Amino acid sequence: MATEYDLIIVNGVVVTESETNEYDIAVKDEKVAKVAPRGELRDAKAARTIDAEGGYVMPGGVDAHVHLDEPPLFGKGSTADNYETGSRSAVCGGTTTMVTFAPQKKTEDSLLDTLRDTHTRAKDTCYIDYSFHVIVGNPSPNALSEFKTLREEGISSLKIYMTYEALQLHDGQILDVLLEARNQQITTMIHAENGQVIDWMTAQLEKRKLFAPKYHGPSHPPMAEIEATHRAICLSEFMDTPILIVHVSTPSSAAQIKSAQDRGLPIYAETCPQYLFLTKKDLDQPGFEGAKCVCSPPPRESEADCDAIWTGLENGTFTVLSSDHCPFRYNDNVTGKQTCITDEYPQGHFKYIPNGCPGIETRLALTLSADRLNVQKFVEVTSSNPAKLYGLWPRKGALVEGESDADINIWYPPGKMKEYTLTNEMLHHNVDYTPFEGRNVKQWPRYTILRGKLVWDKDGGGLLGEKGYGRFIKRGASALAGPRKQGEWELPL
Ligand code: DUC
Ligand code: ZN
Ligand code: ZN
């Protein structure tokens, strides 16, 4: 007799952002075909059955902030992971969809050329499904005119920067971008740090000959983020269009975001594991070691800051928890962290350290192992909300019969996984360190399924997926960040 289903997952505790229940799941033709009360599929025929043994069964992770195969933009080096190694690392940590960046430089006039180039880099090399946000480095009239085509090409979000010489936009340019994004229902992500404050603080530190990695922290003071967050909210309110403030690190920025949300403004926010697990201490390591944790914004002062960021996840201030995987090798003076070690600065100079940390593989396991978020909230911020926010839902981030791709993580049942200490050797990226070395891990995806195919089996061969199985996914408008009002923006007179 022909099999009815390709795969059945039995004895799991299914967790979505809206419920936790004992369900079995049947998969057919890459899709979730049935979600039924436990035992109801017992007579169904399937090519394969996986016994979840009481472990959590969740939608696969959606990581909506990932840098792969990028040129130098954030300091001197270029990213260590390409689409192959980055997506390989992702799948081994339970992430089944990623949204990476297609960066337009200031010297370039077209976003469509950037998009084409990024497609070429990703094509046939990904282990997981993917899409791109465009980074708008030059909002020229031509680039703005291309927003409409971007939407047609399935790109419904972009990122802009309020800092970095190579990318920083001034407020008039930000308004240009927000206006056109509003017209085309594109969600604008904003890196909110005041570039001039950072430059000024950097000059103060240089005058005092303070170059060590730990001075990256004071060169990016909380005030630079707080001021830029406030300005971004004001610009968004003025333009009456949604924004998403990326990688928020300070409690005061989170408080401003919450108060804007409480006023009904469409302000969304993201945080990252760096701001939950790392502090200033991690930047203040012997020798050059602190460079491993140089990212922007930097890890903040104390555990109390991390605690406030966890609270922001719990109370809904943060819509999404992304990795901001921005990988640079440590022992590498050509493209990595040590490019800043030169004849002029034999110990290195913090301002040239490429900004970014790897984390695409550790995001889910570290966050779940921390036991801070309830499991539905965990699914919401790591999978469902990124899918909703960026126009992928319910195809991704959900387990809806007939609609969702069968992207599924099955976690270890209680007591089945031995706790261990994370080391970089366990990971699958092309980076020679993890900023989370030595952290305690109590959970890891045991099985990961992508469009019905078993791509990760931790105890049965590890990586089973294949390079090139990942597909580009065209995205629609955001299901969360819709326009507040329909119609043209009206000049306030
Ligand atoms: N911003 C990012 O989004 N990623 C890495 C560096 C940065 O500043
Ligand atoms: Zn950024
Ligand atoms: Zn980033």
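The name an unreviewed UniProt entry assigns to the protein is D-hydantoinase, from the organism Massariosphaeria phaeospora. Checking UniProt for the protein, the heading Sequence similarities (unreviewed entry) contains the comment "Belongs to the metallo-dependent hydrolases superfamily. Hydantoinase/dihydropyrimidinase family."

Caption draft 1: Structural context of the coordination of the zinc ion (ligand 3). Protein coordination of the zinc ion (ligand 3) is provided by His65 (NE2), His67 (NE2) and Asp324 (OD), with donor distances spanning 1.9 to 2.1 Å. When the donor residues of the zinc ion (ligand 3) are listed from N- to C-terminus, their spacing reads H-x1-H-x256-D. Between the zinc ion (ligand 3) and the zinc ion (ligand 2) the interatomic distance amounts to 4.2 Å. Note that His65 is positioned in strand E8 (residues 61–66) and Asp324 in the loop between strand E15 (320–321) and helix H13 (363–369), a separation of 259 residues in sequence. Here His65 falls in the buried class, since its relative accessible area comes to 0%.

Caption draft 2: Looking closely at the packing of aromatic side chains. Within the structure shown, the criterion is met by 14 aromatic pairs. Centre to centre, the rings of Phe277 and Trp310 are 5.7 Å apart; their planes meet at 90°, and the pair counts as edge-to-face. Of this pair, Phe277 sits in helix H10 (residues 274–277) while Trp310 sits in helix H12 (residues 303–314), and the two are 33 residues apart along the sequence. Grouping residues by exposure puts Phe277 and Trp310 together as buried. Chaining the aromatic ring pairs together yields one cluster made of Tyr83, Tyr130, Phe132 and Phe472. The residue whose ring lies beneath Lys388 is Trp393, and the NZ or CZ to ring-centre distance is 4.7 Å. Positioned over the ring face of Tyr469 is Arg451, at 4.3 Å from the centre of the ring.

Caption draft 3: Molecular detail of the sheet that holds strand E14 (residues 267–271). Pairing is parallel in the open sheet, where eight strands are placed in the order E8-E9-E10-E11-E12-E13-E14-E15. Each edge of the open sheet carries a strand with a single partner, namely E8 and E15. By the bridge criterion, three bridges tie strand E13 (residues 243–245) to E14 in an arrangement that is parallel. Across the sheet, residue Ile245 finds its bridge partner in E14, namely Ala269. Running at roughly 150° to strand E10 (residues 129–135), helix H2 (residues 111–122) makes contact with strand E9 (95–103) and E10 of the sheet. Packed onto the sheet, helix H9 (residues 251–262) meets E13 and E14 and runs at close to 150° relative to E14.

Caption draft 4: Examining the UniProt feature "modified residue: N6-carboxylysine" (unreviewed entry) in the protein more closely. Those places that UniProt annotates as "modified residue: N6-carboxylysine" (unreviewed entry) correspond, in this numbering, to Lys159. Residue position: Lys159 is located in strand E11 (residues 157–161). Note on Lys159: relative accessible area 1%, which makes it buried. Once residues lying within four places of it in the same chain are set aside, the contact partners of Lys159 are His65, Phe101, Val134, Ile135, Val136, Met189, His191, Val246 and His247.

Caption draft 5: Seen up close, empty space enclosed by the protein. Scanning the entire structure with this criterion turns up three cavities of 30 Å³ or more. Taken as a whole, the largest cavity encloses approximately 70 Å³ of empty space. In this structure, the largest cavity is lined by 14 residues; those nearest its centre are His67, Tyr164, Ser296, Asp324 and Asn355.

Criteria and cut-off values
- Residues numbered from 1 in each chain as written.
- Chains lettered and ligands numbered in written order.
- Predicted model: local features only at pLDDT ≥ 70, side-chain atom pairs only at ≥ 80, totals over all residues.
- Heavy atoms only, no water.
- UniProt positions renumbered as here; feature names shortened; annotations may be inferred.
- Donors = N, O, S within 2.8 Å, 3.2 Å for Na, K, Ca; no water.
- Helix = DSSP H or I, 4+ residues; strand = E, 2+ residues; numbered from the N terminus.
- Buried < 20%, exposed > 50% of the residue type's maximum accessible area, 1.4 Å probe, protein only.
- Phe/Tyr/Trp six-rings, centres within 6.5 Å; stacked < 30°, edge-to-face > 60°.
- Lys NZ or Arg CZ within 6 Å of the ring centre and 35° of its normal.
- Pairing = 2+ DSSP bridges.
- Contact = heavy atoms within 4.5 Å.
- Axes fitted to C-alpha atoms, helices over the stretch in contact; angles between N-to-C directions.
- 1 Å grid on protein atoms, 1.4 Å probe; cavity = no way out; pocket = protein on both sides within 12 Å on 5 of 7 lines; lining within 4 Å.
- Points joined across faces, edges and corners; volume = space filled by probe spheres on them.

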